[in-house]
Amino acid sequence: MKKTLAIMVVLAGTGAALAHTGVKNKTVLERMDGMKALAEQVKVLGDMAKGKTAYDADRAAAARTALIEEAAKVTAEFEAPETDPKSEALPVIWSDWDGFVSDARALENAVAALDTGSLDGVRAGLGAVGQSCSGCHEDYRLDK
């Protein structure tokens, strides 16, 4: 669990701002912005779970709501096989579309099941969210 939280916080905080520099394709930029929004909310919850910030039920619930909204957009954001030299999306997304959609649905399910009503709930549910993120990244994101 601690390893999963650590990986999630690292994924959430690394390179997001730099990755957007110089992106010319509007669709790719919108996708990247969506992924960045997901990462920011995971970081909010991850910091609470790790004790870096105090647990705040309202802030945790808001993060969950934002995660639900962003996770619901993932499939649509990737429907068009748009590319850009700065994109981290691998072409296998479109050649294995069903697998990608399955992973996107797993993220939706994980964030929907996330219980932000208590710190224990955040800690318990965040592992599934992190596994969903890292599982998709392993198969469909360029390893930098």
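Parameters and conventions
- Residues numbered from 1 in each chain as written.
- Predicted model: local features only at pLDDT ≥ 70, side-chain atom pairs only at ≥ 80, totals over all residues.
- Heavy atoms only, no water.
- Salt bridge = Lys/Arg side-chain N within 4 Å of Asp/Glu carboxyl O.
- Helix = DSSP H or I, 4+ residues; strand = E, 2+ residues; numbered from the N terminus.
- Buried < 20%, exposed > 50% of the residue type's maximum accessible area, 1.4 Å probe, protein only.
- Contact = heavy atoms within 4.5 Å.
- Core = buried A, V, L, I, M, F, W, Y, C linked by side-chain atoms within 4.5 Å.
- Axes fitted to C-alpha atoms, helices over the stretch in contact; angles between N-to-C directions.
- Parallel < 35°, antiparallel > 145°, perpendicular 65-115°, else oblique.
- Left-handed = near helix turned anticlockwise from the far one by under 90°.
- Nonpolar A, V, L, I, M, F, W, Y, C, P; charged D, E, K, R; others polar.
- Phe/Tyr/Trp six-rings, centres within 6.5 Å; stacked < 30°, edge-to-face > 60°.
- Disulfide = S-S within 2.5 Å.

### Details of the pattern of salt bridges
In step 1: According to the stated counting rule, one finds six salt bridges in the structure shown.
In step 2: When the shortest N-O distance is used, the salt bridge between Lys 26 and Glu 30 registers 4.0 Å. Of the two residues, Lys 26 and Glu 30 both sit in helix H3 (residues 26-50), four residues apart, roughly one turn of that helix.
In step 3: When its relative accessible area of 60% is taken as the criterion, Lys 26 is described as exposed.
In step 4: Measuring nitrogen to oxygen at the nearest pair gives 4.0 Å for the salt bridge that ties Lys 36 to Glu 40. Of the two residues, Lys 36 and Glu 40 are both situated in helix H3; the distance of four residues between them amounts to about one turn of the helix.
In step 5: Judged by relative accessible area, Lys 36 falls into the partly exposed class, the value being 30%.
In step 6: Among the residues examined, Glu 40 registers a relative accessible area of 40% and is labelled partly exposed.

### Comments concerning the environment of Leu 119
In step 1: Within the secondary structure, Leu 119 sits in helix H8 (residues 119-140).
In step 2: The partly exposed category is assigned to Leu 119, whose relative accessible area is 23%.
In step 3: Distance in space between the C-alpha atoms of Leu 119 and Asp 56 is 8.4 Å, their sequence separation being 63 residues.
In step 4: Ignoring anything within four residues of it in the chain, the contact list for Leu 119 reads Met 48, Ala 49 and Tyr 55.

### A word on the nonpolar core
In step 1: Counting 24 residues, the largest nonpolar core has Leu 45, Leu 67, Val 74, Phe 100, Leu 107 and Val 129 as its most contacted members.
In step 2: Broken down by element, this core gets its largest block of residues, six residues, from H3.
In step 3: With residues up to four places along the chain from it excluded, the contact list for Phe 100 reads Val 74, Phe 78, Ile 93, Cys 136 and Tyr 140.

### Focus: the packing of helix H4 (residues 57-71) against helix H7 (residues 97-113)
In step 1: Here H4 crosses H7 at 160°, and the two axes come no closer than 9 Å. Considering the angle they form, H4 stands roughly antiparallel to H7. The two elements H4 and H7 meet at a crossing, and its hand is left-handed. Every residue of H7 that contacts H4 at Arg 64, Leu 67, Ile 68 and Ala 71 is listed here: Leu 107, Glu 108, Val 111 and Ala 112.
In step 2: Residue composition of the contact of H4 with H7, by class: six nonpolar, no polar and two charged.

### Topic: the side chain of Glu 70
In step 1: Along the chain, Glu 70 turns up in helix H4.
In step 2: When neighbours within four sequence positions are excluded, Glu 70 is seen to be in contact with Gly 34, Ala 37, Leu 38 and Glu 77.

### Examining the packing of aromatic side chains
Within a pair of aromatic rings, the relevant descriptors are the distance that separates the centres and the angle that separates the planes.
In step 1: Summed over all chains, the structure comprises three aromatic pairs.
In step 2: In textbook terms, an aromatic cluster arises when at least three aromatic residues are bridged by ring pairs, as seen for Phe 78, Trp 97, Phe 100 and Tyr 140.

### Observations regarding the state of the cysteines
In step 1: All chains considered together, the criterion is met by zero disulfides.
In step 2: Between Cys 133, a cysteine without a disulfide, and Cys 136, which holds the nearest cysteine sulfur, the sulfur-to-sulfur distance is 8.2 Å.

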